[in-house]
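The primary structure of each chain is shown beneath.
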Amino acid sequence: VVHQSCISLPRVIRISRHHHRIAFTPSFDQGERCCSVCRREINNEYGGYSCTGKGCSYAAHSRCATQSNVWDGKDLENVPEEVEEEVEPFVRISSGIIQHFRHEDHHMRLNEDTNREYDDDKQCQACITSIYFGNFYSCMQCDFILHENCANLSRKIHHPIHPHMLTLGGGYEGVLHYLEDQCSACFSICRAGFYYECGIEECDFRVHVQCATISE
Ligand SMILES: [Zn+2]
Ligand SMILES: [Zn+2]
Ligand SMILES: [Zn+2]
Ligand SMILES: [Zn+2]
Ligand SMILES: [Zn+2]
Ligand SMILES: [Zn+2]
Ligand SMILES: [Zn+2]
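Overview of the structure. It should be emphasised that the depicted structure is a prediction, and the values quoted were computed from it without experimental measurement.

**A few points about the pairing of strand β8 (residues 136-139)**
Phase 1: Bridge count for strand β7 (residues 108-111) against β8 is four bridges, and the pairing is antiparallel. Across the sheet, R109 pairs through a bridge with S138, a residue of β8.
Phase 2: Both β8 and strand β9 (residues 145-147) contribute to a ladder of three bridges, which runs antiparallel. Across the sheet, the residue bridging to S138 is I145, located in β9.
Phase 3: Linking β8 to β9, which pair antiparallel, is a turn of five residues.

This is the structure in structure tokens:
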């Protein structure tokens, strides 16, 4: 059975909630399936979208997968899959010394001293929280510091509530350029130095780094 309303559905799409492409499936085989977007059961006879990745069981209702907040409106049926190469957020200069792309003019050194005195004033410039635990990188020429984990944040991510790729920004011009009240995910309850931003101007979408880690 092909419903009239299903004929116009895109065949292959990519949604922000999932890292593989998903394809329209007119009906599913037996078995229970839950929609990964709304978490409700999928009626097998009505079909929906299922993942094209090998061994991946991701599925979603047609209606849920084609909402404008998860799907960018593009049908990828005959579009070859481009390999999203991961570009490292920093260049390794020598052992323990890096040049981070959000603090390009200086080099930063890894600090692994676990017996260090705790300094309340030292805040990571990505997540604006103190450096209590773990390793961190400190700039060799200024006050800029980053948790080791924050220095490793990906340059590009997909976020579950936005259909386009987001790029890491912030930090670049120095310590005082915090992003304060323009987060699209938390409505400024938190503060961050780094944020992920959609490159499409009309979207006006950006999220604090700590608000970007919601995973499916
Ligand atoms: Zn249908
Ligand atoms: Zn659903
Ligand atoms: Zn998948
Ligand atoms: Zn941090
Ligand atoms: Zn510096
Ligand atoms: Zn936020
Ligand atoms: Zn966008």
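**Structural notes on the side chain of H147**
Phase 1: Checked against the element boundaries, H147 lands in strand β9.
Phase 2: Setting aside residues no more than four positions away along its own chain, H147 makes contact with C124, C127, T129, S130, I131, F133, N135 and F136.

**Structural notes on the sheet that holds strand β3 (residues 48-51)**
Phase 1: Across the sheet, four strands lie side by side as β1-β2-β3-β4; this open sheet has antiparallel pairing. Looking at the sheet topology across the chains shown, the edges are occupied by β1 (12-13) and β4 (59-60).
Phase 2: Relative to β4, β3 runs antiparallel, the two sharing two bridges. Directly across from S50, in β4, lies its bridge partner A59.

**Brief notes about the packing of aromatic side chains**
Centre-to-centre distance and the angle between the planes together describe a pair of aromatic rings.
Phase 1: One pass over the structure, following the stated rule, counts two aromatic pairs.
Phase 2: Ring centres of F90 and Y137 lie 6.0 Å apart, and the angle between their planes is 55 degrees; on these two criteria the pair is classed as tilted. Of this pair, F90 sits in strand β5 (residues 90-94) while Y137 sits in strand β8, placing them 47 residues apart in sequence. Like F90, the residue Y137 is buried in the burial classification.
Phase 3: Between the NZ or CZ atom of R155 and the centre of the ring of F101, over which it lies, the distance is 3.9 Å.

**Considering the coordination of the zinc ion (ligand 7)**
Phase 1: Around the zinc ion (ligand 7), the protein contributes the donor atoms H162 (NE2), H164 (ND1), C198 (SG) and C203 (SG), at 2.0 to 2.3 Å from the metal centre.
Phase 2: Classification of the site at the zinc ion (ligand 7) as tetrahedral follows from its four donor atoms and the range of 99 to 113 degrees in their angles at the metal.
Phase 3: On the primary sequence, the residues serving as donors to the zinc ion (ligand 7) are separated as H-x1-H-x33-C-x4-C. For the residue pair H162 and H164, the accessibility class agrees, reading buried in each case.

**Brief notes about the pattern of salt bridges**
Two side chains bearing opposite charge may form a pair once their charged atoms approach each other closely.
Phase 1: The final tally for this structure, using the stated rule, is three salt bridges.
Phase 2: One salt bridge connects E81 with R21, and the closest N-O pair in it is separated by 3.8 Å. You can see E81 sitting in the loop between α1 (62-65) and β5 and its partner R21 sitting in the loop between β1 and β2 (22-25), a full 60 residues away along the chain.
Phase 3: Here R206 makes a salt bridge to E197, at a shortest N to O gap of 3.2 Å.

**Digging into the nonpolar core**
Phase 1: Within the largest apolar cluster, 32 residues are counted, with the highest numbers of intra-cluster contacts made by L146, F194, Y196, V207 and V209.
Phase 2: Counting residues per element, the ones that place at least two in this core are β7, β8, β9, α2 (148-151), β11 (165-170) and β12 (194-198).
Phase 3: Beyond its immediate sequence surroundings of up to four residues, V209 is in contact with A126, C127, L153, L168, A192, F194, Y195 and Y196.
Phase 4: Counting residues in each nonpolar core, the second largest holds 18 residues, with F24, F28, V37 and A59 among its members.

**What about the coordination of the zinc ion (ligand 2)?**
Phase 1: On the protein side, the zinc ion (ligand 2) has C35 (SG), C38 (SG), H61 (ND1) and C64 (SG) as donor atoms, found 2.1 to 2.3 Å from it.
Phase 2: Each of the four donor atoms bound to the zinc ion (ligand 2) contributes to angles spanning 99 to 117 degrees, and the resulting shape is tetrahedral.
Phase 3: Sequence positions of the residues that donate to the zinc ion (ligand 2) give the spacing C-x2-C-x22-H-x2-C.

**So, the pairing of β11**
Residues in a regular strand point their side chains to alternate faces of the sheet.
Phase 1: Looking at chain direction, strand β10 (residues 156-158) and β11 are connected through three bridges and run antiparallel. Note on β11: the bridge partner recorded for I157 is L166.
Phase 2: Linking β10 to β11, which pair antiparallel, is a turn of six residues.
Phase 3: As defined by bridge partners, β11 adjoins β12 across five bridges and the pair is classed as antiparallel. Paired with L166 across the bridge in β12 is C198.

Definitions and cut-offs
- Residues numbered from 1 in each chain as written.
- Chains lettered and ligands numbered in written order.
- Predicted model: local features only at pLDDT ≥ 70, side-chain atom pairs only at ≥ 80, totals over all residues.
- Heavy atoms only, no water.
- Pairing = 2+ DSSP bridges.
- Helix = DSSP H or I, 4+ residues; strand = E, 2+ residues; numbered from the N terminus.
- Contact = heavy atoms within 4.5 Å.
- Phe/Tyr/Trp six-rings, centres within 6.5 Å; stacked < 30°, edge-to-face > 60°.
- Buried < 20%, exposed > 50% of the residue type's maximum accessible area, 1.4 Å probe, protein only.
- Lys NZ or Arg CZ within 6 Å of the ring centre and 35° of its normal.
- Donors = N, O, S within 2.8 Å, 3.2 Å for Na, K, Ca; no water.
- Tetrahedral: all angles 85-135°; square planar, octahedral: opposite > 155°, others 65-115°.
- Salt bridge = Lys/Arg side-chain N within 4 Å of Asp/Glu carboxyl O.
- Core = buried A, V, L, I, M, F, W, Y, C linked by side-chain atoms within 4.5 Å.

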